[in-house]
Amino acid sequence: MNPQQARDLVRSVFGEQVHAEVTDFPGGNLSITVISGQHAATIDGHPDTGWAYSIDPAEDDGFTGHDKSAETLEEALRGIHEWFAG
């Protein structure tokens with residue numbers, strides 16, 4: 001999966017209502033930040049190994065790891081979308 005494919009998947013799940021920043025790394029890992037209104041989520045992972053994500057992490061948490069995981073990027077995005085929709 002390349003950054004454009006990840007952006008397209010974000011759009012297919014959320015429509016145009018969110019802003020997504022995608023960073024790719026040499027090993028094929030992606031880091032994705034999804035921002036919608038007052039909410040933000042960060043997703044890190046690789047299509048072969050799975051995805052981990054955090055929703056609205058506290059600013060003083062620093063990097064403590066993610067509290068949720070998903071096998072696919074779409075599954076992670078759908079979990080985030082459901083939480084954002086509340």
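A quick note: this is a predicted structure, and the numbers were derived from the prediction, not measured. (Residues numbered from 1 in each chain as written. Predicted model: local features only at pLDDT ≥ 70, side-chain atom pairs only at ≥ 80, totals over all residues. Heavy atoms only, no water.)

It is worth spelling out the overall build of the chain at this point. Looking only at helices and strands, one finds two helices and five strands in the chain. Taken from the N to the C terminus, the helices and strands of the chain come in the order α-β-β-β-β-β-α. A globule of 86 residues ought to have a C-alpha radius of gyration of about 12 Å, and the chain, at 12 Å, matches this closely. In terms of its C-alpha atoms, the chain occupies a principal-axis envelope of roughly 30 × 30 × 20 Å. By residue count, 33% of the 86 residues in the chain fall in the buried class. (Helix = DSSP H or I, 4+ residues; strand = E, 2+ residues; numbered from the N terminus. Rg over C-alpha atoms; globule rule 2.2 N^0.38 Å. Buried < 20%, exposed > 50% of the residue type's maximum accessible area, 1.4 Å probe, protein only.)

This next bit is on the packing of aromatic side chains. A complete count under the given rule lists two aromatic pairs for this structure. Plain terms: the ring middles of Trp83 and Phe84 are 6.4 Å apart, the flat faces sit at 65 degrees to each other, and that makes the pair edge-to-face. For Phe84, a relative accessible area of 15% puts it in the buried group. (Phe/Tyr/Trp six-rings, centres within 6.5 Å; stacked < 30°, edge-to-face > 60°.)

Before going further, it helps to examine the pairing of strand E1 (residues 19-24). Sheet faces and side chains relate simply in a regular strand, where the side chains alternate between the two faces. Where E1 lies against strand E2 (residues 30-36), six bridges are found, and the strand directions are antiparallel. Bridged to His19 within E2 is Ile35. Hairpin connection from E1 to E2: five residues lie between these consecutive antiparallel strands, with Gly28 at a positive phi of about 95 degrees. (Pairing = 2+ DSSP bridges.)

Take the pairing of strand E4 (residues 50-55) next. Most of E4 sits out of view: five of its six residues are buried. Direction of pairing for strand E3 (residues 39-46) relative to E4: antiparallel, over a ladder of six bridges. Residue Ala41 lies in a different strand from E4, and its bridge partner there is Ile55. When E4 meets strand E5 (residues 68-70), the two strands line up antiparallel, connected through three bridges. Across the sheet, Trp51 pairs through a bridge with Ala70, a residue of E5.

For the rest of this paragraph, the subject is the side chain of His46. Along the chain, His46 falls in strand E3. Since its relative accessible area comes to 16%, His46 is described here as buried. Filtering out sequence-adjacent residues up to four positions away, His46 remains in contact with Gly27, Gly28, Asn29 and Trp51. (Contact = heavy atoms within 4.5 Å.)

Before going further, it helps to examine the environment of Glu74. Assignment of secondary structure puts Glu74 in helix H2 (residues 73-85). Residue class for Glu74 comes out partly exposed when judged on its relative accessible area of 33%. With 23 residues separating them along the chain, Glu74 and Trp51 place their C-alpha atoms 9.6 Å apart. Those residues in contact with Glu74 that lie beyond four places of it in its chain are Leu9 and Val13.

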